[in-house]
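# Observations on chain architecture
Each chain is listed here by its residues.
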Amino acid sequence: MTQLTSQFTTQLSYADPSFSGELIRWQKQHGRHSLPWQQTRDAYKVWLSEIMLQQTQVTAVIPYYQRFLESFPTVQDLAAASSEQVMAHWSGLGYYTRARNLHKCAQQVVALYDGRFPSDPALLKELPGIGRSTAAAVAAFSYGTRAAILDGNVKRVFARVFSVEGFPGSKPVEDALWLRAEALLPETGIEAYTQGLMDLGATLCTRSSPACVRCPFQQRCVAYATGRTAELPVRKPKKQQREKQAVMLVVLHEGQVLLEQRPDSGIWGGLLSLPELDGMRDMDEDNEAELADAFPEVTRLAQQFGDVASIEALPPFAHVFTHFKLNVTPIQFNLAKRHVQVAEDRHVWYPAQQIDSAPLPAPVKKLLQSLLAPSLWSAS
């Protein structure tokens with residue numbers, strides 16, 4: 001038996017029209033129907049919401065979604081915007097690669113498809129930042145295309161209802177889940193079915209404390225019947241969290257702060273941030289000891305930008321990323337006089353009054369907002 005035949009046989013075994021029928025009925029009666037992006041079939045607005053919802057809660061996305069549409073009401077507007085404008089609107093939403101891909105995708109849709117998103121998920125998947133599941137969701141909600149989604153919520157629902165063993169992020173398990181997702185697709189009602197999967201995972205079949213008593217699949221859920229809702233889906237094996245550290249320079253002069261353009265790739269890619277001493281480094285005992293002696297070196301760095309009038313060590317803070325924890329030691333430098341030009345093109349003096357709208361990482365913006373008292377911006 002060939003692999004293709006084996007997959008087809010497996011997919012047939014997963015088919016269950018009663019599942020989609022029950023889910024569609026539940027969604028129409030109990031699902032979410034008032035989210036901003038549910039009031040349109042405009043593929044641009046649907047796509048924008050799907051990108052923002054990747055790895056982010058609905059409540060956090062709504063204000064960003066609304067502000068984006070106010071500033072960039074069409075894909076042409078987004079494509080024509082500057083990178084700085086896009087990043088400023090995204091600042092605080094996290095996972096900044098999404099914002100860079102969002103901008104590139106808008107530009108490609110305008111260039112390749114005259115501003116109209118294709119209805120074929122295969123074509124959507126070729127665009128920057130759009131994976132297989134997102135492509136299916138955009139096609140289903142915008143054009144009624146019959147295509148399967150498989151985001152984290154869907155994986156959790158399937159793992160519990162059908163007792164799927166193994167970590168869903170591993171390739172063999174994920175491949176089997178895709179076969180199941182495709183086998184369970186309804187012939188009609190794809191929009192309600194797709195939304196129902198999202199709603200069920202987000203509102204009832206949650207990661208912790210699932211509301212099993214209100215679930216339409218309680219009677220057929222294997223995890224519920226066997227008391228394994230806390231065990232399924234199987235969690236990814238934990239690794240010890242890495243820690244990094246960075247010394248950041250807060251260089252101030254006459255109501256302006258020195259900012260640095262970060263590279264397009266990597267942490268906070270494409271955003272403005274504070275200059276760093278030797279970047280973000282893995283944290284160990286030797287590095288911790290070095291922090292105590294960092295003042296002379298960081299002062300020499302600050303002197304590249306002007307005459308230092310005063311130095312102050314600010315309270316350290318930590319910011320947790322997906323894969324590591326960053327410990328930041330900020331040091332404030334007030335300049336009596338600054339050099340006519342900064343050392344490199346990637347540096348810019350930014351007005352304090354405009355910090356709220358600057359394309360900054362959220363923890364850096366929070367730090368600078370706490371320093372906006374006029375007395376702290378003086379040169380002495």
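Just above sits the structure.
What counts, and at which threshold
- Residues numbered from 1 in each chain as written.
- Predicted model: local features only at pLDDT ≥ 70, side-chain atom pairs only at ≥ 80, totals over all residues.
- Heavy atoms only, no water.
- Helix = DSSP H or I, 4+ residues; strand = E, 2+ residues; numbered from the N terminus.
- Buried < 20%, exposed > 50% of the residue type's maximum accessible area, 1.4 Å probe, protein only.
- Contact = heavy atoms within 4.5 Å.
- Areas by Shrake-Rupley, 256 points an atom, 1.4 Å probe, with all protein chains shown as cover.
- Lys, Arg positive; Asp, Glu negative; His and termini not counted.
- Charge placed at Lys NZ, Arg CZ, Asp CG, Glu CD.
- Core = buried A, V, L, I, M, F, W, Y, C linked by side-chain atoms within 4.5 Å.

This part covers the overall build of the chain. When you go through the chain residue by residue, the secondary structure sums to 16 helices and 8 strands. Here the C-alpha coordinates of the chain stretch approximately 75 × 50 × 40 Å along the principal axes. Here the chain holds 380 residues, and the buried ones make up 48% of them. Taking the intrachain contacts of the chain between residues at least 6 apart in sequence as the baseline, contacts between residues at least 24 apart amount to 70%. A total of about 19000 Å² of accessible surface is found on the chain, and carbon and sulfur atoms cover 51% of it. If you average the places of the 37 positive and of the 38 negative side-chain charges in the chain, the two averages end up 8 Å apart.

With 100 residues, the main nonpolar core has F19, W47, F158 and Y193 as its most contacted residues. If near-sequence neighbours (up to four positions away) are discounted, Y193 is found in contact with F19, S20, L23, I24, F158, L184, L185 and P186. The next biggest cluster of nonpolar side chains, apart from the first, holds 13 residues, and it includes L249, L258, F305 and L335.

Taken residue by residue, helix α16 (residues 362-369) has P363, V364, K365, L367 and L368 as its buried positions. Contacts from the buried residues of α16 go to β1 (242-253), β2 (256-261), β3 (272-273), β6 (317-320) and β7 (324-338).

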